[in-house]
Structures are given as structure tokens and as C-alpha cells.
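Below are the chains, spelled out letter by letter.
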Amino acid sequence: MTRPALPSDDPELASVERALHSLRAAAPPSLATSTLVSVGLADLYASVDSPLGLAFVAWNGRGVSAVAAGDDASAFEASFAADVGRPLRRVETPPPRLAAALARRLSGDRRAPVPVDLRGRSPFERAVLEKAAEIPRGEVRPYGWVAREIGRPKAVRAVGSALGHNPVPLVIPCHRVVRGDGTLGQYSMGGPQAKRAVLSTEGLDVGELERLATRGIRYIGSDTTGVFCLPTCHHARRVTDRHRVTFRSATDGFAAGYRPCRRCRPAAAA
Amino acid sequence: MDDATLPGRLADDLDGAFEELVLGHQDRLYSIALRLTGDPRDAEEVAQDTLVRAYHALASYEPLRVRELNLRSWLATIALNLARNVSRRARSRPAVAPEPVGFEGGADPAAGPETWLARRETVDYWAAIVLDLPERYRVPVVLRHVDDLSYAEMAEALGRPEGTLKAQVHRGLAMLRAAHTADREEMTA
């Protein structure tokens, strides 16, 4: 229902009123799309460079909503439609600020400010993904570590499943979570080979990690500090060979009088 | 537009109904902002910010409050505040020659170029003299005669009594007529 003004009795005023009516304008076509994107009811996507080659990234005003390797736009659109279901439109590049932060995040900088849109994920899945986002570049943590850190120590398989369904791989570095025996395990964005490739570009010595795993070594300690770490912890890598001790289990570490590192938190306190 | 059931649907399912609000109100919010700021880019920014703020407000309001909203006057209030901020910002910018506000769609493609030009001149001309009105007349004139708000809705949007608004609209129209008459006499002199 509209309420047109009654035309004025005065013919000159009536002509002014008609002229004012002609000042109604149509909004530019971009307005509805940008509004819906801004509130998170529609998404944009673009192709960007990643450590795994070209990747598609989708985002809306709430954050990055999807990341997938490859250059097949129709496949990306189809999987977005199936997983997310919101309208999706391709653009040339992300907005400058997001593009800059994304480039840093994709090259491994977890502090680059890239918000993520995790709507539709359960509180458990969010907790898993947010915890994975804390793991520094060049380091890895076991699935069991994530489970313990989020207060669900027995949910190791569910952690693996939540990471396997990470909607924003690389942006949330689920590749930094590996099996408890030190082997790399699965990766949703291209399988174990891709996981090895990303971890290598981040400066992790994957070969060394696997050699330790083969020898059954899970923890590395320092006999000067009396602290034991996960093998890729920044502190563990600074221990010189002369002071380096190895443990096959946290129990062995505790038994030898060592305490767990406060940075990588390799085990619950004894 | 102005669908009486929309507030109820926004209260029940904001994400499902919000696009309808956008499509139903974007042209009027853009028109209000364009005629108050005179700049198409500012107007697009104001209209978008209005809708985005409306979304977040609707998400935070109790459902009962959403159901009772008059969307037309409520959205106009948000747009007016944002347009005022934009105008204030524009005044503090270095002055540049104003670009013609131009013809913004609604074109009849069947109309020939002469009609198009004639209308463009008319639209640009009236847009310019509306912009010259002092704000206390310009805002009520735009809400009443560009946006077709009722005086009751304007009173809600502006927080002024209807009687005051009627007087301001009347005075604004008289000023526009006087400006138009003066310009016409100048051209034919």
C-alpha cells in the first residue's frame, strides 16, 4: 500500500509535487548483493594462490566461508551449493584488506587477521577448528592433543572427523594435526601427499618427524631444563644434541622427573 | 513493499525473510539518500549501511518488538541518521565541482534520446534545487513527496509533531516553487 500525496489545489504546487515524484531512483544492481554479502546471507568467491597451487576462497561479511584447492569453478560452486547453500557469485579478487590478510594466512601466519564463518558447525566442531588455528607454523600436534585441549580427551576420532570436514583448510591449518604415532594421517585438501607438501613449505622437517615416529619417539626433553616437549615444539628444536633426551611416552618423561612444556603442553600434568 | 506480514516473518525467520526486505526497500532508501546527499556513491553507501544495520538490529530485538515495527518509518530513521553523517563528512572534504546527479534508471527504453535528455534535465534540475533547501525543509519534503511517507510515519521517523512537519513541507514546496519561477524568468528574460 502506498500513500500518494493528494495533489495540491494550487496548480503550481501540484507541478512541484509531480517533479518531486520523478526524483525517485532505482538502487544500483550491486546494492542488494553487497548488502546480502555483508550480513552473511550470500557469498563471493575468487581464485587465489596457495601453497597447494590455485585455490578458491569464498567469503561474506562474517568471514571466510569455504576454501578448496583447484581451478574448476563449476565444481567449487556445486560443492558450495551442497555444503552451504547460500547464493554464490564469482569476483576477480577479494577486497584488498582480506586479500592481504589471506595471503599471509595461506603462507602460514596464524596471526594474520582472517575471520572465519563457521555457522552451521556444532560447538564441538568449532572448538576443534579454533584449537587447530592456534598451532604455530612449522609445528604439528596429535589429534589426541586437540581432544585433550578442548576438554574432550576421549573424542579423538571425532576430532579427526571434525578436521576432515574443515570448511576452510589452510585458513584453519588442520594440516598441522597429525596422528598420535607421529605419522601424518589424512588430509581433506588433497590427501597425505598434499599434507606433506604444505607442512614442508611451512618449514617442518617431515622426514625427521617420520624417523622419530619409526623409532617410537614421541617426546623430546632437555636435561638442563627438565622439561619435555612434542618433537616439533619450538622449544624442543632448540635443545642441543648434547642435552637432548627422548621419551617413548609421557609416563616415561614423568618417571624420569621431567615436567611437560608449558608452551606445547604435550601431556596432562601427572 | 510495505507487506503487512513482513515484520512477523522477520521475527520468525530473519535470514529467510531479510532478502525480501532488501528488495522491497532498497529503491526508496537509495532515493532518500540520493536526494539528501546528492551523491550516488554516498547514497549507495547510506542505503547499504541502513540495511546492514537493520539486519543486526532485527537480530538483536525481541520478536515482539520486530512484529510491531513500522518498517517504512523505522528504516527511514536509520537512513536519515546515516545520510546526515555522510553530509557532514562531505562538507569537511575539499570542495569539488558537483557532478550531475544524473538519471538513475527507471528509463523507458522505448523513449527516444530527446525524451531521455529532457527528463534528465528535469530530474537533475529538481534534484539540484532540492539539495539547495535548508535541511529542516529538505528532509520533510523528500520523505513526503519523494518517498511518499504519511505525516504519521514522518512524525515517527523524525520525532517532530505532524503539524510542524506539514508546515515545513508546505514551506519547502513554496521555496521550490519560488526558485523554479525565478529560474524560468531568468531563462526567458
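Note that residues are indexed from 1 along each chain, following the sequence as it is written. For naming, the first written chain is A and the first written ligand is 1, with later ones following in the order written. Per-residue local features of the predicted model are confined to residues with pLDDT of at least 70, and side-chain atom pairs are confined, for both listing and counting, to 80 or more; whole-chain, interface and lining totals are unaffected and use all residues. Side-chain figures throughout are based on the complete set of non-hydrogen atoms in the structure, without hydrogens or water.

1. With respect to the overall build of chain A
Item 1. Put simply, DSSP H or I for four residues or longer makes a helix, DSSP E for two residues or longer makes a strand, and each gets a number counted from the N terminus. On a plain count of helices and strands, chain A comes out with eleven helices and ten strands.
Item 2. Three exposure classes are used, based on accessible area relative to the maximum for each residue type with a 1.4 Å probe and protein chains only: buried under 20%, partly exposed in between, and exposed over 50%. The buried share of chain A, taken over its 270 residues, is 47%.
Item 3. Look at the contacts in chain A between residues 6 or more apart in sequence, and 57% of them connect residues 24 or more apart.
Item 4. Accessible area for chain A stands at about 13,000 Å²; split by element, carbon and sulfur atoms hold 53% of it.
Item 5. His residues and chain termini do not enter the charge count, which takes Lys and Arg as positive and Asp and Glu as negative. Note that the charge is assigned to NZ on lysines, CZ on arginines, CG on aspartates and CD on glutamates. Computed over 38 positive and 26 negative side-chain charges, the inter-centroid distance for chain A is 10 Å. Note on contacts: a residue pair qualifies if any of its non-hydrogen atoms lie within 4.5 Å across the two residues. For the area figures, the Shrake-Rupley method with a 1.4 Å probe applies, and any residue is considered shielded solely by the protein chains shown.

2. Considerations on the overall build of chain B
Item 1. Scanning chain B from N- to C-terminus turns up nine helices and zero strands.
Item 2. For chain B, the α and β elements follow one another from N to C terminus as α-α-α-α-α-α-α-α-α.
Item 3. With 189 residues in all, chain B has 48% of them scored as buried.
Item 4. Of the contacts made within chain B by residues no fewer than 6 positions apart, 68% connect residues no fewer than 24 positions apart.
Item 5. Total accessible area on chain B is roughly 9,600 Å²; 53% of this is exposed by carbon and sulfur atoms.

3. Notes on unusual backbone geometry
Item 1. Although it is not a glycine, Arg265 of chain A adopts a positive phi angle of roughly 40°.
Item 2. Considering the arrangement of structural elements, one finds Arg265 of chain A in the segment after β10 (259–260).
Item 3. Phi at Asp148 of chain B is positive, roughly 65°, even though this residue is not glycine.
Item 4. Locating Asp148 of chain B in the fold gives a position in the loop between α7 (135–146) and α8 (151–158).

4. Some remarks on the interface of chain B and chain A
Item 1. At the interface, 40 residues of chain B touch 30 residues of chain A.
Item 2. Both sides together, the interface formed by chain B and chain A hides about 3,300 Å², and carbon and sulfur atoms give 61% of it.
Item 3. Put simply, buried area is how much 1.4 Å-probe accessible surface two parts lose in total, over both of them, once they are put together. Among the residues chain B hides against chain A, the three largest losses belong to His145, Asp148 and Arg177 of chain B. Together they make up 19% of the total.
Item 4. Should a side-chain nitrogen of Lys or Arg be within 4 Å of a carboxyl oxygen of Asp or Glu, the pair is scored as a salt bridge. The interface formed by chain B and chain A contains one salt bridge.
Item 5. Notably, a salt bridge pairs Asp148 of chain B with Arg24 of chain A, separated by 2.8 Å at the nearest N-O pair.
Item 6. We call two N or O atoms a polar contact when they sit within 3.5 Å, provided that within protein one can donate a hydrogen and the other can accept it, with sequence-adjacent residues counted only if both atoms are side-chain atoms. Applying the counting criterion to the chain B and chain A interface returns eight residue pairs in polar contact (both at pLDDT 80 or more).
Item 7. Where the side of chain B that touches chain A is concerned, the elements lending two or more residues are α2 (14–37), α3 (40–60), α6 (113–131), α7 and α9 (162–188) of chain B.
Item 8. If you tally residues by element for the side of chain B that touches chain A, the top one is α2 of chain B, at eleven residues.
Item 9. Only Asp, Glu, Lys and Arg are considered charged, only Ala, Val, Leu, Ile, Met, Phe, Trp, Tyr, Cys and Pro nonpolar, and every remaining residue, Gly among them, polar. A per-class count over the side of chain B that touches chain A returns 19 nonpolar, seven polar and 14 charged.

5. What to know about the sheet that holds strand β9 (residues 244–247) of chain A
All names here are of chain A.
Item 1. When DSSP finds two or more bridges between two strands, those strands count as paired. Pairing is mixed across the open sheet formed by four strands, whose spatial order is β9-β7-β8-β10. On the outer flanks of this sheet lie β9 and β10, each paired with one strand and no other.
Item 2. As paired strands, strand β8 (residues 227–229) and β10 are joined by two bridges and run parallel to one another. Across the sheet, the residue bridging to Val227 is Arg259, located in β10.

6. Focus on the nonpolar core
Item 1. Counting residues in each nonpolar core, the largest one holds 123 residues, and the members touching the most others are Val64 of chain A together with Phe18 and Trp74 of chain B.
Item 2. Here Val64 of chain A is in contact with Val57, Ala58, Trp59, Leu98, Leu102, Val114, Pro115, Val116, Asp117, Val168 and Val171 of chain A, once residues within four sequence places are set aside. Only buried residues count toward a nonpolar core. Its members are Ala, Val, Leu, Ile, Met, Phe, Trp, Tyr and Cys residues joined through side-chain atoms within 4.5 Å.

7. Considerations on the pairing of strand β7 (residues 219–222) of chain A
Residues and elements named next belong to chain A.
Item 1. Across the two faces of β7 the burial is the same, with Tyr219 and Gly221 and Ile220 and Ser222 all buried.
Item 2. Note: β7 against β9, four bridges, orientation antiparallel. Considered in β9, the bridge of Tyr219 is made with Phe247.
Item 3. As judged from the three bridges shared by β7 and β8, these two strands associate in the antiparallel manner. Paired with Ser222 across the strands is Val227, a residue of β8.
Item 4. Counting the residues between successive antiparallel strands, the hairpin from β7 to β8 contains four residues, one of them, Gly226, with a positive phi of roughly 70°.

8. What about the packing of helix α2 (residues 30–39) of chain A against α3 of chain B?
Item 1. An axis is simply a line fitted to the C-alpha atoms; with a helix, the fit covers only the stretch in contact. Between two such axes, the angle follows the N-to-C directions and lies from 0 to 180 degrees. At their nearest, the axes of α2 of chain A and α3 of chain B sit 9 Å apart, and the two run at 35° to each other. At the point where α2 of chain A passes α3 of chain B, the crossing takes the right-handed sense. Within the contact between the two elements, α2 of chain A uses Ser30, Leu31, Ser34, Thr35, Ser38 and Val39 of chain A and α3 of chain B uses Glu44, Ala47, Gln48, Leu51, Val52 and Tyr55 of chain B.
Item 2. Here the contact of α2 of chain A with α3 of chain B is built from residues that sort into six nonpolar, five polar and one charged. Handedness of a helix crossing follows the sense of rotation of the near helix relative to the far helix, less than a right angle counterclockwise being left-handed and clockwise being right-handed.

9. Considerations on the pattern of salt bridges
Item 1. Going through the model one piece at a time under the given rule, you end up with 22 salt bridges over all chains.
Item 2. Residues Arg179 of chain A and Asp181 of chain A are paired through a salt bridge, measuring 3.1 Å at the closest nitrogen-oxygen approach.
Item 3. We classify Arg179 of chain A as partly exposed; its relative accessible area is 43%.
Item 4. A salt bridge links Asp39 of chain B to Arg41 of chain B; its shortest N-O distance comes to 3.9 Å.
Item 5. What makes Arg41 of chain B exposed here is its relative accessible area of 60%.
Item 6. One network of salt bridges, in which partners are shared, links Asp43, Arg86, Asp117 and Arg119 of chain A.

10. A closer look at the packing of aromatic side chains
All names here are of chain A.
Item 1. To pair, rings of Phe, Tyr and Trp, with the six-membered ring standing in for Trp, must have centres within 6.5 Å; the planes then decide the type, stacked if under 30 degrees apart, edge-to-face if over 60, and tilted in the middle. Going through the model one piece at a time under the given rule, you end up with eleven aromatic pairs over all chains.
Item 2. Following the ring pairs from residue to residue traces out a cluster consisting of Tyr219, Phe228, Phe247, Phe254 and Tyr258.
Item 3. The ring of Trp145 is capped by Arg141, whose NZ or CZ atom sits 5.3 Å from the centre of that ring. Lysine NZ or arginine CZ positioned within 6 Å of the ring centre and within 35 degrees of the ring normal marks a charge as sitting over the ring.

11. Here's the deal with α2 of chain B
Residue and element names in this part refer to chain B.
Item 1. A rise of 1.5 Å per residue sets the reference length of α2, with its 24 residues, at 34 Å; its end C-alpha atoms lie only 30 Å apart and thus fall more than 12% short of the reference.
Item 2. The seven residues ending at a residue and the seven starting there each receive a fitted axis; the angle between those axes is the bend at that residue. For α2, the principal kink sits at His25 and spans about 50°.
Item 3. Judged by how many residues are buried, α2 sits mostly within the fold: 18 of 24 residues are covered.
Item 4. Positioned one or two residues after α2, Gly38 has a phi angle of 80°, which is positive. How far a helix is expected to stretch is found by multiplying one less than its residue total by 1.5 Å.

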